[in-house]
Amino acid sequence: MSTPTPDRIAEVHEMTDYIADTSFSTTLRAALDQFQKALAKRWRKEVAEKIEQDEFDFPTQFRREVAPSAAGSPWEYWQLPARHHIVEGCSYIEWAKGEQDGSIGSVSCEGATGTTENVELVDTASGQTVVIPPNIECGMGAVLGQIDDWAFGECEHIFYQLPLFDAHDQGGLNEAYNSLLDIGGALGLEKGSGSDSDHTFTAVGDRDMAQKADALAGANGMGQDWWTGWTGLSADRAKSGFFASVVPTINNQSSILGCLANLYAVRSAIIEMGRNNPLHAIQAATKAVDAEVKVTHDNVAEWKILQGIGSAIAISGGWTVVGGAVGASIALIGFAGENLLGKTTTVEYAQELSEIVGGLNDKVEQTNNDLADREAEYAVEVNELRTEIHGVHSFNLELYDLTENSPEGDARGEDGYTATVENILKIAQACYECGEIYEELLPRIGRVPAADASLSDKDGEATSADTNLIEARDELIEFVKTACGRLYLAGDQVTEAADAYAVADDGSQDAFDRIMDDWEDESFQKYDVDAKGYAGDTERNTYDPHEGHPALGGSEAGHGQETDYETELS
């Protein structure tokens, strides 16, 4: 059989919705069932017309495999008695050429041959004398009846090649995507240039975290000499320790959240392409077989083109170190990759059955090839994110480690210092308030893993890229928890520092007691998390970007970026 003519492509236009089905194999099966019915109906018609015209070159298979033993015909329609009957008029052929109302089992045929008695004729093909009776047993019903099996076989051949993406919950992935962006927004995430996401963010300057963090990272924080004696850090270390880690931590966490959201959107776009395109190809093939068929399930009008994953996602180059202000800018793609799936085409087929069935098989094969390419691009981007995170120092991801501070602190030093209790406690209050913001994020980010089962390929199996994405997300969750704990711990340490200063300075005790009373009313210091338990370093060596490399393999996380921080343990 000749190779089918490629399908024709109509004009390109915009399309951004997605299929939210959570049992998609049922949808594909329903579409194929409709195609099978249309295929069988037209196939019967064409076979009936061929046999009526004494032409026997009709196809009995297209792409399915057929055992040699199944290749024979149940009735010898080419024999002389059968030809006389068909010329006289066969009820089965007339039914097949018409609307095929009812089942083939409802049709009956008397097998009339046009004679009133037995007639002997010479078969010119064999040279033998053949008796033509007035009626024969018509086997045309059996010939046409087997076409249902042919059509079923062709559709089964297609079904087992289809990328199913069966139970993937696009709605759940959408919720996870929005949660990641909501959390990123709370930490100062902004839409970068070229963003196509319709997610809305409040202006960074109006967000609580940006305002509170300024009190810690700005002049009120990094310049406070009082930090020296009670944190165990010298004055220059104070400026490059906890306070200096606030903005990089917040910005890098929000950058990671934006990148994670983008990668969730890419996975969703791959799912959408893998679902939409075969369904569209099946529906278009059904209409090509029989233009009168009415699609009985949701019609998918276009073939979606997914491209430009690498150019749409910018992961490297934007990581924040010491300095700057709260607010990370990431080019965000819309859920299901709206700016990746922005262009579509319409599949159309030529009119021959062989071209339609062959073309449908080709479109399924094309989808599988496209999916393999997109999965590879997705894996590259996920690995790039993990590599970038791997190279960033812990101080820039989850704050300076306050557990490294000496509880006793350093000696005051010859130069001494001056401070006011009010200023000290403003910093402590900002630490508590930032900790509260983080604590409020924990339940929301804790719900994101609910969509993990949908981070998987066409067969429902998590790829190495999906596993890497989940691990990166889990690291981010731990960074957020660590930052929450360290902020609360910082609030406690600064409050203790203020208390100690008030004891040492007779004029400060009243102010300290007054502020503590106010805090009691505001419920400061009454956090609901295990701050010390959260404050430990996140385990970050589950990923090695150079695994297997003879020289670079085994590198430790955070060693790819020089840091300005110093600690007592440095």
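Bear in mind that the values here come from a model prediction, so they are computed numbers and not experimental data. (Residues numbered from 1 in each chain as written. Predicted model: local features only at pLDDT ≥ 70, side-chain atom pairs only at ≥ 80, totals over all residues. Heavy atoms only, no water.)

1. Things to note about the overall build of the protein
The cut-off we apply is this: Only DSSP runs of H or I with at least four residues qualify as helices, and only runs of E with at least two residues qualify as strands; both kinds are numbered from the N terminus onward. When a residue's accessible area, from a 1.4 Å probe over protein chains only, is under 20% of the maximum for its type it is buried; when over 50% it is exposed; and in between it is partly exposed.
Each helix and strand counted, the protein has 17 helices and eight strands in total. Looking at the protein residue by residue over its 570 residues, the buried ones come to 52%.

2. Side note on the packing of aromatic side chains
Which entries qualify depends on this criterion: Pairing of aromatic rings covers Phe, Tyr and the six-membered ring of Trp, with a centre-to-centre limit of 6.5 Å; geometry is then stacked below 30 degrees between planes, edge-to-face above 60, and tilted otherwise. Charge-over-ring placement is defined geometrically: NZ (Lys) or CZ (Arg) within 6 Å of the ring centre, and within 35 degrees of the ring normal.
The tally for this structure, following the rule as stated, stands at 12 aromatic pairs. When the ring of tyrosine 488 is compared with that of tyrosine 527, the centres are 4.2 Å apart and the planes differ by 20°; the resulting orientation is stacked. Of this pair, tyrosine 488 sits in helix 15 (residues 464-504) while tyrosine 527 sits in the loop between helix 16 (509-522) and helix 17 (531-534), placing them 39 residues apart in sequence. Among the aromatic side chains, those forming a connected cluster through ring pairs are Phe56, Phe58, Tyr77 and Trp78. The ring of phenylalanine 159 is capped by arginine 29, whose NZ or CZ atom sits 3.8 Å from the centre of that ring. Its end group placed over the ring of tryptophan 303, lysine 363 keeps NZ or CZ at 4.1 Å from the ring centre.

3. Topic: the nonpolar core
Grouped burial of nonpolar side chains is what soluble globular proteins tend to show. Rule in force here: By nonpolar core we mean a set of buried residues, namely Ala, Val, Leu, Ile, Met, Phe, Trp, Tyr and Cys, connected to one another through side-chain atoms within 4.5 Å.
Counting 92 residues, the largest nonpolar core has Leu216, Phe242 and Tyr438 as its most contacted members. If you list the elements that add at least two residues to this core, you get helix 5 (170-186), helix 6 (208-217), helix 10 (242-289), helix 11 (309-312), helix 12 (353-391), helix 13 (395-398), helix 14 (421-446) and helix 15. No other element matches helix 10, which puts 18 residues into this core. Ranked by size, the runner-up nonpolar core spans 55 residues in total, among them Ile104, Met140, Ala151 and Val289.

4. So, the pattern of salt bridges
Short version of the rule: Only one rule defines a salt bridge in this text: a Lys or Arg side-chain nitrogen within 4 Å of an Asp or Glu carboxyl oxygen.
As enumerated under the stated definition, the model contains 26 salt bridges in all. We note a salt bridge from glutamate 55 to lysine 50, for which the minimum N-O separation is 3.3 Å. Relative accessible area serves as the criterion here: at 25%, lysine 50 is assigned to the partly exposed category. Where aspartate 466 meets arginine 267, a salt bridge forms, and the shortest distance between an N and an O atom there is 3.0 Å. Taken together, the residues span a long stretch of sequence, with aspartate 466 in helix 15 and arginine 267 in helix 10 at a distance of 199 residues. Assessed through its relative accessible area of 0%, arginine 267 is described here as buried. Because the salt bridges share partners, they merge into one network encompassing Lys41, Glu99 and Asp290.

5. As for unusual backbone geometry
A positive phi is found at glutamine 100, a non-glycine position, where the angle reads about 55°. Here glutamine 100 is to be found in the loop between helix 3 (91-97) and strand 2 (119-122). Phi is positive for leucine 399, which is not a glycine, with a value near 75°. Inspection of the secondary structure assignment puts leucine 399 in the loop between helix 13 and helix 14. Residue leucine 399 is classed as buried on the basis of its relative accessible area of 2%.

6. Observations regarding the confidence of the model for the protein
Cut-off, in case you're wondering: As a per-residue quantity, pLDDT reports the predictor's confidence and falls between 0 and 100. By the convention used here, residues are in contact when the closest approach between their heavy atoms is within 4.5 Å.
Summary statistics for the protein give a mean pLDDT of 82 and a share of 79% for residues scoring 70 or more. Per-element confidence in the protein ranges from a low mean pLDDT of 29 for strand 1 (residues 8-9) to a high of 97 for helix 3. Overall, residues 1-16 carries pLDDT values under 50, and its contacts beyond four positions in sequence, including any with other chains, amount to 41 contacts. Note that residues 219-239 has pLDDT below 50 and, in this model, 59 contacts with residues that lie over four places away or in other chains.

7. A few points about the packing of helix 5 against helix 10
Here is the rule we go by: Axis lines are fitted through C-alpha atoms, for helices just across the contact stretch, and the angle between N-to-C directions can take any value from 0 to 180 degrees. Relative orientations are named as follows: roughly parallel for angles under 35 degrees, roughly antiparallel for angles over 145 degrees, roughly perpendicular for angles from 65 to 115 degrees, and oblique for any other angle. Definitions for this section: a left-handed crossing has its near helix turned counterclockwise from the far helix by less than a right angle. A right-handed crossing has that turn clockwise.
Contact geometry of helix 5 with helix 10 gives a least axis separation of 8 Å together with a crossing angle of 160°. Comparing the axis directions of helix 5 and helix 10 gives the class roughly antiparallel. For the pair helix 5 and helix 10, the sense of crossing is left-handed. Residue-level inspection shows Gln170, Leu173, Ala176, Tyr177, Leu180, Leu181, Ile183 and Gly184 of helix 5 in contact with helix 10, the latter providing Ser254, Leu257, Gly258, Leu260, Ala261, Tyr264, Ala265, Ser268, Ile271, Glu272 and Arg275.

8. Thoughts on helix 1 (residues 24-52)
This is how it is decided: A helix's residues, less one, multiplied by 1.5 Å, set its expected span.
The end-to-end C-alpha distance of helix 1, which contains 29 residues, comes to 42 Å, matching closely the 42 Å that a straight helix rising 1.5 Å per residue would cover. Positive backbone phi, approximately 65°, marks aspartate 54, located one or two places after helix 1.

9. Regarding the pairing of strand 2
Basically, it comes down to this: Between any two strands, at least two bridges found by DSSP are needed for them to pair.
For strand 2 and strand 3 (residues 129-132), the ladder comprises four bridges, and the chain directions are antiparallel. Note that in strand 3 the partner of glutamate 120 across the bridge is valine 131.

10. Brief notes about a negative patch on the surface
Put simply, the rule is: Exposure above 30% relative accessible area and the absence of a salt bridge qualify a residue for a patch, where like charges join within 9 Å and nonpolar side chains (Val, Leu, Ile, Met, Phe, Trp, Tyr) within 5 Å. Shrake-Rupley sampling with a 1.4 Å probe provides the accessible areas, and residues are treated as covered by the protein chains on show and by no other component. Under the convention used here, Asp and Glu are negative, Lys and Arg are positive, and both His and the chain ends fall outside the count. One atom stands in for each charge, and that atom is NZ of Lys, CZ of Arg, CG of Asp or CD of Glu.
A surface patch of negative charge is lined by Glu496, Asp499, Asp510, Asp513 and Asp517. With three residues, the single largest contributor to the negative patch is helix 16. For aspartate 499, the location among the structural elements is in helix 15. For aspartate 499, a relative accessible area of 33% puts it in the partly exposed group.

11. Quick word on the packing of helix 10 against helix 12
Rules: Gly counts as polar in this scheme, as do all residues outside two lists: the nonpolar Ala, Val, Leu, Ile, Met, Phe, Trp, Tyr, Cys and Pro, and the charged Asp, Glu, Lys and Arg.
Where helix 10 meets helix 12, the axes come as close as 10 Å, and the angle between the chain directions of the two elements is 180°. Considered as vectors, helix 10 and helix 12 are oriented roughly antiparallel to each other. For the contact of helix 10 with helix 12, the residue count by class is 21 nonpolar, three polar and six charged.

12. Thoughts on the environment of asparagine 251
We count it as follows: N or O atoms within 3.5 Å of each other form a polar contact, as long as, within protein, one can give a hydrogen and the other can take it, and as long as residues adjacent in sequence are counted only when both atoms are side-chain atoms.
With respect to the secondary-structure elements, asparagine 251 resides in helix 10. Sequence separation between asparagine 251 and alanine 328 is 77 residues; the distance between their C-alpha atoms is 5.2 Å. From its side chain, asparagine 251 meets the backbone nitrogen of glycine 327 in a polar contact 2.8 Å long.

13. Here we look at the side chain of arginine 473
Following the sequence through the fold, arginine 473 ends up in helix 15. Given the relative accessible area of 1%, arginine 473 is considered buried. Within the structure, arginine 473 has its side chain in polar contact with the side chain of aspartate 452 (distance 2.7 Å). Once residues lying within four places of it in the same chain are set aside, the contact partners of arginine 473 are Leu260, Tyr264, Val448, Pro449 and Asp452.

14. Details of the state of the cysteines
Which entries qualify depends on this criterion: Sulfur atoms of two cysteines make up a disulfide when they are within 2.5 Å.
Applying the stated criterion across every chain, the model contains zero disulfides. Free cysteine cysteine 138: the closest other cysteine sulfur is in cysteine 90, separated by 3.7 Å. Free cysteine: cysteine 431, not disulfide-bonded; nearest cysteine sulfur from cysteine 434 at 7.0 Å. Judged by relative accessible area, cysteine 431 falls into the buried class, the value being 0%.

15. Points about the pairing of strand 3
Alternating residues of strand 3 divide into Val130 and Ile132, all buried, and Thr129 and Val131, none buried. Here strand 2 hands over to strand 3 after six residues, with glycine 127 in that stretch at a positive phi of 80°.

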